[in-house]
Protein chains: 2
Amino acid sequence: MVIRDEDSQPSGARKPRVSAKGEQTRARLLAAARALLAGDGEVPFTTRNVAALGGVTHGMCHYHFQTRTDLIVAVVEAIRPEWITPLEEAVAQPGSFAERAERVVGLLVQPEAGDLDRLHSALHWFALNDERVRESLAAEYLRWRECFVALFQVLADERGGGFDPRALGEAAAAGTDGLAAIQSLDANIDPAPVVRALILGLAAGATAP
Amino acid sequence: MVIRDEDSQPSGARKPRVSAKGEQTRARLLAAARALLAGDGEVPFTTRNVAALGGVTHGMCHYHFQTRTDLIVAVVEAIRPEWITPLEEAVAQPGSFAERAERVVGLLVQPEAGDLDRLHSALHWFALNDERVRESLAAEYLRWRECFVALFQVLADERGGGFDPRALGEAAAAGTDGLAAIQSLDANIDPAPVVRALILGLAAGATAP
């Protein structure tokens with residue numbers, strides 16, 4: 001049973017046993033929370049409004065998520081497979097720095113899917129006003145940045161050092177974050193030359209004689 | 001009189017004549033709007049709540065700002081002297097690329113003053129939900145990015161070309177934006193090596209043989 005539990009929840013802490021119906025209810029609440037967070041703000045983000053949008057009683061919502069902070073933190077963790085996991089895989093798969101960098105560039109020039117830009121904006125705002133959300137979101141951004149640090153570590157290993165892969169990785173991560181924020185305001189921006197400058201331009205600068 | 005007017009409003013379009021008392025009321029409303037935008041969201045951002053916080057009647061608020069969008073757009077323009085003007089000056093003042101880059105790095109490694117990070121987060125969120133706010137904020141970010149493009153243009157002129165100053169400028173601008181967002185979530189980040197990588201590292205990559 002322990003092995004079964006761990007198999008079905010490879011990336012998170014173990015949760016209390018919940019029935020299949022309970023899992024469905026939890027998923028509906030998470031989807032409703034995500035929709036409300038990515039919405040236009042006309043409906044305030046409260047457990048009551050999330051329950052209503054998910055078609056669940058407020059009492060049942062409270063059973064799964066006691067506070068709105070619990071709901072926001074759960075959304076932060078739920079979007080990881082769309083947001084961070086593809087980047088982790090692009091960096092971790094075998095290859096030279098040049099090969100991994102091309103995979104990363106290919107991933108980053110694609111527009112953010114669906115509601116992710118609106119979600120990120122709302123989550124950032126809540127993070128500045130709620131310490132638990134801040135901690136949770138900061139941990140995700142750290143994971144995101146570590147992908148870029150790992151990428152530039154590959155370059156440092158190839159070249160035998162000579163530069164600080166952490167500074168370059170943090171710079172590239174900050175750049176792709178900022179680019180996504182600017183693109184959400186201005187659809188005319190072509191991300192490709194900017195992403196290439198951030199990944200390949202920083203690499204060229206680091207390894208210049 | 002015309003000269004006097006232009007002297008007192010060097011950077012903006014000429015506004016209709018408003019009495020000194022009217023200017024004071026407008027300034028109080030702007031300060032209240034800024035405080036409410038940078039607040040914790042417990043008080044919804046409405047013209048009524050801005051008027052109450054500014055100690056002004058709702059009718060008088062409506063005289064100066066007809067909608068909450070008018071208030072938000074006015075705040076976007078009002079923070080330009082704290083946010084963008086210092087960067088414009090650091091780039092525009094005479095000097096080689098290396099001298100201007102050092103001025104820009106010196107400016108960017110300082111923490112954002114006071115409530116600017118909270119304001120930016122709130123303004124970004126409103127921009128995704130209000131087309132006029134989006135246009136206004138996108139125009140400010142364009143000004144911000146053009147500073148970096150101008151900086152890398154100085155480098156291109158020094159070197160006689162050979163790279164695209166726009167891509168590098170956009171990359172550096174996106175990086176410093178993203179860095180500010182990440183710093184607002186994680187106070188442990190040292191901005192100095194990241195800013196140096198973004199300005200000097202990108203320059204080194206561009207001019208590498």
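In every chain, residue numbers begin from 1 and rise along the written sequence. Labels are handed out in written order, letters beginning with A for the chains and numbers beginning with 1 for the ligands. This being a predicted model, a pLDDT of at least 70 is required before a residue's local features are given, and a value of 80 or more before pairs of side-chain atoms are given or counted; all residues contribute to the totals for chains, interfaces and linings. Only hydrogens and water are set aside when side-chain values are computed; all heavy atoms of the structure are taken into account.

### Focus on the overall build of chain A
This is how the line gets drawn: Strands are runs of DSSP state E lasting at least two residues, helices are runs of H or I lasting at least four, and both sets are numbered from the N terminus onward. Under the scheme applied here, a residue whose accessible area is under 20% of the maximum for its type counts as buried, over 50% as exposed, and between as partly exposed, the area being computed with a 1.4 Å probe on protein chains only. Residues count as neighbours in contact if any of their non-hydrogen atoms are within 4.5 Å of one another. For the area figures, the Shrake-Rupley method with a 1.4 Å probe applies, and any residue is considered shielded solely by the protein chains shown. His is not counted, nor are the chain ends, whereas Lys and Arg count as positive and Asp and Glu as negative. Working definition for charges: the position is that of NZ of Lys, CZ of Arg, CG of Asp or CD of Glu.
When helices and strands are counted, chain A shows 12 helices and zero strands. Each helix (α) and strand (β) of chain A, taken in turn from the N terminus, gives the series α-α-α-α-α-α-α-α-α-α-α-α. In terms of overall dimensions, chain A has a C-alpha envelope of 65 × 45 × 25 Å along the principal axes. Relative to its 209 residues, chain A shows a buried fraction of 47%. A separation threshold of at least 6 residues defines the contact pool for chain A, and within that pool the share at least 24 residues apart is 63%. When the accessible area of chain A is evaluated, it comes to approximately 10200 Å², of which 54% is carbon and sulfur surface. Side-chain charges in chain A split into 21 positive and 28 negative, and the spacing between the mean points of these groups amounts to 7 Å.

### Side note on the interface of chain B and chain A
The line we're drawing: Buried area: the sum, over both parts, of the accessible surface (1.4 Å probe) that disappears when the two are put together. A pairing counts as a salt bridge when a side-chain nitrogen of Lys or Arg comes within 4 Å of a carboxyl oxygen of Asp or Glu. Counting of polar contacts relies on pairs of N or O atoms within 3.5 Å, with two restrictions inside protein: one atom must be capable of donating a hydrogen and the other of accepting it, and residues adjacent in sequence are counted only when both atoms are side-chain atoms.
With 45 residues of chain B at the interface, the matching set in chain A holds 45 residues. Interface area, chain B with chain A, both sides summed: about 3400 Å², of which 69% is carbon and sulfur. Contact with chain A buries area across many residues of chain B, yet Trp125, Leu128 and Leu185 of chain B alone supply 20% of it, more than any other trio. The interface formed by chain B and chain A includes zero salt bridges. Seen at the junction of chain B and chain A, the total is 10 residue pairs in polar contact (both at pLDDT 80 or more).

### Side note on the UniProt feature "DNA-binding region" (unreviewed entry) in chain A
Condition: UniProt positions are given in the numbering used here, feature names are shortened, and annotations may be inferred rather than shown by experiment.
Feature annotation in UniProt assigns "DNA-binding region" (unreviewed entry) to the following positions: residues 46–65 of chain A. As annotated, residues 46–65 of chain A has a helix share of 75% and a strand share of 0%, and its two end C-alpha atoms lie 11 Å apart.

### Some words on the packing of helix α2 (residues 20–37) of chain B against helix α3 (residues 47–54) of chain B
All names here are of chain B. Applied cut-off: A fitted line through C-alpha atoms serves as each axis, taken over the contacting stretch for helices, and the angle formed by two N-to-C directions is quoted from 0 to 180°. Roughly parallel covers angles under 35 degrees, roughly antiparallel covers those over 145, roughly perpendicular covers 65 to 115, and oblique covers all other angles. Note on convention: the crossing is left-handed when the near helix lies turned anticlockwise from the far helix by less than a right angle, right-handed when the turn is clockwise. Only Asp, Glu, Lys and Arg are considered charged in this grouping, and only Ala, Val, Leu, Ile, Met, Phe, Trp, Tyr, Cys and Pro are considered nonpolar; every other residue, Gly among them, is considered polar.
In contact at an axis separation of 8 Å, α2 and α3 are set at 115° when each is read in the N-to-C sense. In terms of orientation, α2 lies roughly perpendicular with respect to α3. Remark: the crossing between α2 and α3 carries right-handed chirality. On α3, the residues that touch Arg28, Leu29, Ala32, Ala33, Ala35 and Leu36 of α2 are Asn49, Val50, Ala51, Leu53 and Gly54. Of the residues in the contact of α2 with α3, the class split is eight nonpolar, two polar and one charged.

### Observations concerning the pattern of salt bridges
Residues and elements named next belong to chain A. Taken as a whole and judged by the stated rule, the model has 20 salt bridges over all chains. Where Arg166 meets Glu146, a salt bridge forms, and the shortest distance between an N and an O atom there is 3.1 Å. Taken as a pair, Arg166 in helix α11 (residues 165–185) and Glu146 in helix α10 (residues 131–159) lie far apart in primary sequence, 20 residues in all. Assessed through its relative accessible area of 39%, Arg166 is described here as partly exposed. For Glu146, a relative accessible area of 29% corresponds to the partly exposed category. Bridged by salt links that share partners, the residues Arg145, Glu146, Arg166 and Glu170 form one connected network.

### Here's the deal with the UniProt feature "domain: HTH tetR-type" (unreviewed entry) in chain A
Here, UniProt's "domain: HTH tetR-type" (unreviewed entry) annotation points to residues 23–83 of chain A. Along residues 23–83 of chain A one finds 74% helix and 0% strand; the C-alpha atoms at either end are 23 Å apart.

### Quick word on the relation of the copies chain B and chain A
So the rule is basically this: What sets the superposition is a least-squares fit of C-alpha atoms, and only residues with pLDDT of at least 70 in both copies go into it.
When chain B is fitted onto chain A, the two copies agree to an RMSD of 0.0 Å after a turn of 180° and an axial shift of 0.0 Å. Accordingly, the operation relating the two chain copies is best matched by a two-fold axis. With an isologous cut-off of 70% or more, the 100% of interface residues of chain B that recur at the interface of chain A puts this contact in the isologous class.

### Concerning the packing of aromatic side chains
Worth spelling out the cut-off: A pair of aromatic rings is counted whenever rings of Phe, Tyr or Trp (Trp by its six-membered ring) have centres within 6.5 Å, and the orientation is called stacked for planes under 30 degrees apart, edge-to-face for over 60 and tilted otherwise.
Applying the stated criterion to the full structure yields 12 aromatic pairs over all chains. With a centroid separation of 5.8 Å and 40° between ring planes, the pair formed by Phe97 of chain B and Phe152 of chain B is classed as tilted. Taken together, the residues Phe97 of chain B in helix α8 (residues 97–108) and Phe152 of chain B in helix α10 (residues 131–159) connect sequence positions 55 residues apart. Owing to a relative accessible area of 6%, Phe97 of chain B belongs among the buried residues under this scheme. Accessibility expressed as a relative area gives 0% for Phe152 of chain B, which makes it buried. Put simply, the rings of Trp83, Tyr141, Trp144 and Phe148 of chain A touch in pairs and so form one group of aromatic residues.

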